[in-house]
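# Structure assessment
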Amino acid sequence: MTNYLSLFSPPVFVQALRLCSVILVIIIVPLNAHAESILITNTTVHSQSKAGVMRDVNLLVEDGRIARISRDTIDNPPKDVRIVDGAGKVLTPSLIGAYSQLGLDEIDLEATTVDSILNPLIPAVSFAFDVQYAFNAKSVVVDVNLVEGVTHTIIAPRPGSDIMAGLGAFANLAKGQIDTPNIAMFGDVSANAAKKIGGSRAAAIGKLRFALESLESFSARRHHPGTGEYSKRDLIALQTHVDNDLPLVITAHRAVEISQLIMLAKDFDLNLVIRGATEAWQVSEALAAADIPVIIDPLSNIPISFEHLGARLDNAALLERSGVRFAIEVADTHNMRLMRQHAGNAVANGLSWSTGLHAITRAAVELFALDDSLGRVVVGEPANFVLWTGDPLEVTTWAHLVVVAGNVVDPNTRQTQLYNRYKRLDRAPFQYGYER
Amino acid sequence: MPNLLRPLLANTLAILVSLACPPSTLAGELFASTYQPPETDARLFVDVHIYSGTGVEEQSTQVLIVDGKIQQMGTNIIAPAAQVIDGGGRWLTPGIIDVHSHMGDYPAPAIAATRDGNEATAPNTARVWAEHSVWPQDPQFELALAGGITTLQVLPGSANLFGGRGVTLKNVASRTVQGMKYPGAKQGLKMACGENPKRVYGSKGQAPSTRMGNVAGYREAWAKATDYQRKVKAHEQDATKPLPDRDLTMETLVGVLEGEIIVHNHCYRADEMANMIDVAREFGYQIGTFHHAVESYKFADQLAQENICSAMWADWWGSKLELFDGVQQNVALVHNAGACAIVHSDSAYGIQRLNQEAAKALAAGQRMGLDITKAEAIRWITMNAAKSLQIDQQTGSIEIGKAADLVVWNQDPLSVYALADLVFIDGHLYFDRSDPNLRPVSDFALGLSVEGQHD
């Protein structure tokens, strides 16, 4: 249809038509026409909403939405309803990643499978590097994490030749699409990034400051717009982003850089998120006062560099105590599924259980102003949840059922095919080559 | 004695010694362990829930330790002289053992000055010893202790076909690595299959640049070692036959051929394991353990037959193509096939919670319907690891006569919430979560704001 129209239609008309069709879809089609009905009986629901924790309830999914949550028996459920015994199990909103390279990087050491980073030796775009175009929902890494309950995630570029990495996006893993492009802009003022521009963290903070200052006099319409150290394309990206008040996610570890970033956010009225934030606990009051959230790896407790001398296992617990909002990330994108274990360890080291769950479900929704129905289980809203075999923060539990927009996610992946092929090595002849 | 004569005399002595004793590969004699277990009080653990390390689980039992050893187990032990530790139902396990660590060699902070784990300058550096890079003040040791680690093997990195000798350490604070060396434990030889050696040397335009180059590299080295060994033996039988020039690389390889050094082979893929087994067969040595063995689940029947352990992660995969087929069920499938399964870390983060890694591996097995008990899963991080290091006569289980390397956990260690409350090495209390004064603090960690971070 698009091809047919593009032959003779002005672009504006095409856009208007697309907008209309989107509206039509919303009006006339239920959330998901093919979604099945699911009844989960006698379970515990952590709603992450005003309803709080609901025990011994039955939960009905219809037409892609949570139709009912009730202590009473749900009479007359739809025909063909899939009934799942939820006794002893725990239902939570699905996991939502606040940072990853999912669908961008397949095998870290194979350059042709890595799209999240530009060659550090080749100066190219920085603010304007936009990873949405490389998102590959068919990546094996996507499925492996989806079946373990990670249904959505922020995907982010990594810094190449500059401290600024570029634009990230918000990916829906079950639908295999980018739901929101340009969701946040990423950069890094830690020593690792600073070495790309000469090696001083002072230069990193300074460069970021100067770029923001130059926005004041920058005009994309001028022939010589005065872009300072960046290209016109980069500054357009930064300007658009800042004008729209979208999150700027900057990696920093030392309390020194975190404090500098707090000042930067104040001076330029930025929507700032600090990632890494190893020593955030040392400046937690200032972070709370400025309402700057952080994204942390709660297992980071080793003084692995001179930027991590204050690394400790109770960073999350101390941030919670000071009222700093945070999400939990897993450094290894292949194992985003370990978000649960990361949160569990934070809880073992003093974080409250509910904040631990929040940090891997609802937190990303709040940090990035995502679709508000995500990260919570509310009647009438789209059904995005996981039924776990027990405490989701525990290492001995697993995802019994993953539901996205009312659809049950197929639990089979390349990894399940692999172990099934080899689980019986005593067969003769050994014909595993033909089994899938 | 005049100063000038001193070196002369020393040299003469050295020559006399070397004539009397042919080149030795015995690790125990060189850079010898100076570890002395401290004198300890007798202690009686009561009301503890035990995972024995041998696959046994027992509730509310008692364990008596005397002179650093487990002396008695049962229910009504009478030991008036012993200090009583009331478990109150808490869990007691053997000290956790990690067969694959680089702590000390890649210490924290990980900066250029401390990067001492990979002598990536030649494909065969069997002459180097990991212990000579160990920095005893690495603050990672005490973090691992807080996770119940009492024994660990530090291995050289995997850039080379032959990376060098590994060393088994007790996780005790010491000024020297000699003070940490596990007395009598054999050294390891780190070998590496696959992508790392061929990438490191191939990118320098050097051999090996392919997997076939890797195998040729192993075989050439073993062929030389066989020859070196023959010459040394010939000299032993007939002193008129010349000793070969002393060669530290060959000494290590001959140490393997004579069973004094254990082969720890970094190898991901099943087909490469098969090739390594054939190399070992050709030159008459035994492979002890395949490390990072992400494809052992494809080959577990053969590994059981060959009596080779697999040291594995619970769920790492995908960073290289040779890890692309990693599955969470690996450990459980290897165990289920009757092969020796070990959960290892290769990480200063992972080593702090090997109990959780074992728990995840167990859960993956249970999820696919394998009947594996919790007590058996604990073997993966205790007794099987001890077997891999050939220290299973001394440690790795709660059995009478074994070293009192023990951990008291605040709850079932196969839980994310479990924390080690007390850690004993040879009966000495090295870590007490409730007492900041009863835990080691490395020199490096002194004055850091996180001192006492376990509170």
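Okay, so let's go over this structure. Everything numeric in this text was worked out from a predicted model, so none of it was measured.

## Quick look at the sheet that holds strand β6 (residues 95–97) of chain A
Residue and element names in this part refer to chain A. Across the sheet, eight strands lie side by side as β6-β7-β8-β9-β10-β11-β12-β13; this open sheet has mixed pairing. The sheet terminates laterally at β6 and β13 (326–328), the two strands that pair on one side only. Put simply, the sheet's adjacent strands are angled 25° from each other on average, direction ignored. Of the pairings in the sheet, the one linking strand β7 (residues 150–155) to strand β8 (residues 164–172) comprises four bridges and is antiparallel in character. When the bridges of β8 are listed, H152 appears paired with N172.

## Re the interface of chain A and chain B
At the interface, 36 residues of chain A touch 40 residues of chain B. Those elements giving two or more residues to the side of chain A that touches chain B turn out to be α10 (339–348) and α13 (414–422) of chain A. Here the side of chain A that touches chain B gets five residues from one element, more than from any other, and that element is α10(A). Here the side of chain A that touches chain B is composed, by residue class, of 20 nonpolar, 10 polar and six charged.

## As for the packing of helix α4 (residues 211–237) of chain B against helix α5 (residues 248–257) of chain B
Residue and element names in this part refer to chain B. Here α4 crosses α5 at 85°, and the two axes come no closer than 9 Å. Looking at the two axes, α4 sits roughly perpendicular to α5. In this structure, α4 uses A221, W222, K224, A225, Y228 and Q229 to contact α5, whose residues at the interface are M250, L253, V254 and L257. Its residues assigned to classes, the contact of α4 with α5 shows eight nonpolar, one polar and one charged.

## Re α13(A)
For α13(A), every residue scored as buried is listed here: A:Q415, A:L418 and A:Y422. Buried positions in α13(A), seen along its axis, are confined to an arc of 60° and lie on one side of it. Buried residues belonging to α13(A) abut α3 (140–146) of chain A together with α8 (330–336) of chain B.

What counts as what
Residues numbered from 1 in each chain as written. Chains lettered and ligands numbered in written order. Predicted model: local features only at pLDDT ≥ 70, side-chain atom pairs only at ≥ 80, totals over all residues. Pairing = 2+ DSSP bridges. Helix = DSSP H or I, 4+ residues; strand = E, 2+ residues; numbered from the N terminus. Axes fitted to C-alpha atoms, helices over the stretch in contact; angles between N-to-C directions. Contact = placed C-beta atoms within 7 Å. Nonpolar A, V, L, I, M, F, W, Y, C, P; charged D, E, K, R; others polar. Parallel < 35°, antiparallel > 145°, perpendicular 65-115°, else oblique. Buried ≥ 20, exposed ≤ 12 C-beta atoms within 10 Å, placed from the backbone. Arc of directions from axis to C-beta.

That is the geometry; function is a separate question.
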